[in-house]
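# Reading the structure
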Amino acid sequence: MKLILDSGIFGLGIGGDKNGGVLEFYNLIFSETSIPLEECARVFFPAKMLCFDALVASHFVIPPAFIMMSHYDIWGINQIMGLKCAPYTNPANLQDCGFIERIRIWLYRQELELRMNQFRLYKKNSIWAISCSFHSFLKFQDATINDDYRVPARTGITIVEGLERFLKGKRTIAIDRAKYPNNRACNGIPSGGWNLQYE
C-alpha cells in the first residue's frame with residue numbers, strides 16, 4: 001500500500017486560523033467519519049483533529065507517502081491566514097497583496113517549508129513541492145504534466161513523473177527553491193512581474 005496526498009500539510013500562519021477554515025474542515029470530516037488512526041487519536045486526545053494533518057499522521061502511518069504541495073498554498077492563505085488579497089484560483093496571483101500581507105505570506109511559506117522538511121525526514125516519504133500559489137493539483141490535469149509545473153522550475157520533474165518514480169519504489173524529493181514570484185513559469189502574474197521579490 002502507498003499513500004498519495006494532495007496539498008495536505010498546513011501551517012497556522014501568523015495569527016492562527018483567522019477564518020476558522022481548518023476547524024470548519026475538521027468538523028465536516030468528523031460529522032461523516034471517525035479518525036482512521038486510532039493510535040493517533042489516543043495520543044492527541046482531545047486535540048485529535050491534528051491527526052488529519054499529513055505531517056502528524058505520517059508518524060502513525062506505516063505505508064510510504066507521496067505528497068504534492070505548494071509553498072504558497074492558496075487555501076491556507078485564504079482560509080487559515082484570512083488574507084483575501086489573492087483570488088482562490090489555480091495558479092493564484094498574489095500581486096494585489098500589500099507589503100505586510102506579502103511578508104505574512106513569506107512567513108507562512110517558511111512555516112510550510114519547515115513542516116515539509118520534517119515530513120521528508122521519514123525515509124519512506126516522497127515530496128513534490130512547487131513555489132506557485134496553488135491548491136489541489138490533481139483536479140487540474142494541466143498542473144500534473146505541463147512543463148510550467150516542473151520542480152525545479154521548467155527543468156525538473158512533473159507531478160506525474162514524481163508519482164511514477166514513487167510507485168516504482170524510488171524515493172522522490174523535488175522541492176522548488178525559487179521564492180514567489182521568481183518561479184515565473186507558474187506564478188499567475190501576467191507579464192510585468194511583481195516589485196517585491198523574496199530572496
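All of the points below concern the structure found in this document. All chains use their own residue numbering, which begins from 1 and follows the written sequence. The predicted nature of this model means local features are confined to residues of pLDDT at least 70 and side-chain atom pairs, given and counted, to a pLDDT of 80 or more, with totals for whole chains, interfaces and linings taken over all residues. The basis for every side-chain value is the complete set of heavy atoms in the structure, and neither hydrogens nor water enter the calculation.

### Description of the side chain of Asn125
Among the secondary structure elements, Asn125 is positioned in the loop between α5 (99-120) and β3 (126-130). Exposure categories follow from relative accessible area, calculated using a 1.4 Å probe and restricted to protein chains: below 20% of the type maximum is buried, above 50% is exposed, and the middle band is partly exposed. Its relative accessible area of 1% is what places Asn125 among the buried residues. In the analysis that follows, any N or O atom pair within 3.5 Å is treated as a polar contact, provided that within protein one partner can donate a hydrogen and the other can accept it, and provided that, for residues neighboring in sequence, both atoms belong to side chains. A polar side-chain atom of Asn125 sits 3.3 Å from the main-chain amide nitrogen of Ala65. When residues no more than four places from it in sequence are discounted, the contact partners of Asn125 are Ser58, Pro64, Ala65, Phe119, Arg171 and Ile173. Helix and strand assignments follow DSSP, with helices taken as H or I runs no shorter than four residues and strands as E runs no shorter than two, numbered in order from the N terminus. Any pair of residues with heavy atoms lying within 4.5 Å of one another is described as a contacting pair.

### Considering the pairing of β3
Of all five residues in β3, five are buried; the element is thus mostly enclosed. Of the two faces of β3, the one lined by Ser126, Trp128 and Ile130 and the one lined by Ile127 and Ala129 are each fully buried. Sheet topology places β3 next to strand β4 (residues 173-175); three bridges connect them, and they run parallel. Within β4, the position partnered with Trp128 by the bridge is Ala174. When DSSP finds at least two bridges between two strands, those strands are taken to pair.

### A word on the nonpolar core
Only buried residues count toward a nonpolar core. Its members are Ala, Val, Leu, Ile, Met, Phe, Trp, Tyr and Cys residues joined through side-chain atoms within 4.5 Å. Residues Ile9, Ile77, Leu94 and Ile105 are the most contacted members of the largest nonpolar core, which totals 29 residues. Of all the elements in the fold, those that place two or more residues in this core are α3 (54-57), β2 (65-70), α4 (74-80), α5 and β3. For this core, the element with the most residues is α5, which contributes five residues. Once you skip the residues sitting within four places of it in the chain, Ile77 turns out to touch Tyr72, Gly82, Leu83, Leu94, Ile105, Tyr108 and Ser133. Of all hydrophobic cores here, the second largest spans 16 residues; its members include Trp128, Ile130, Phe166 and Ala174.

Keep in mind these numbers describe shape, not what the thing actually does.
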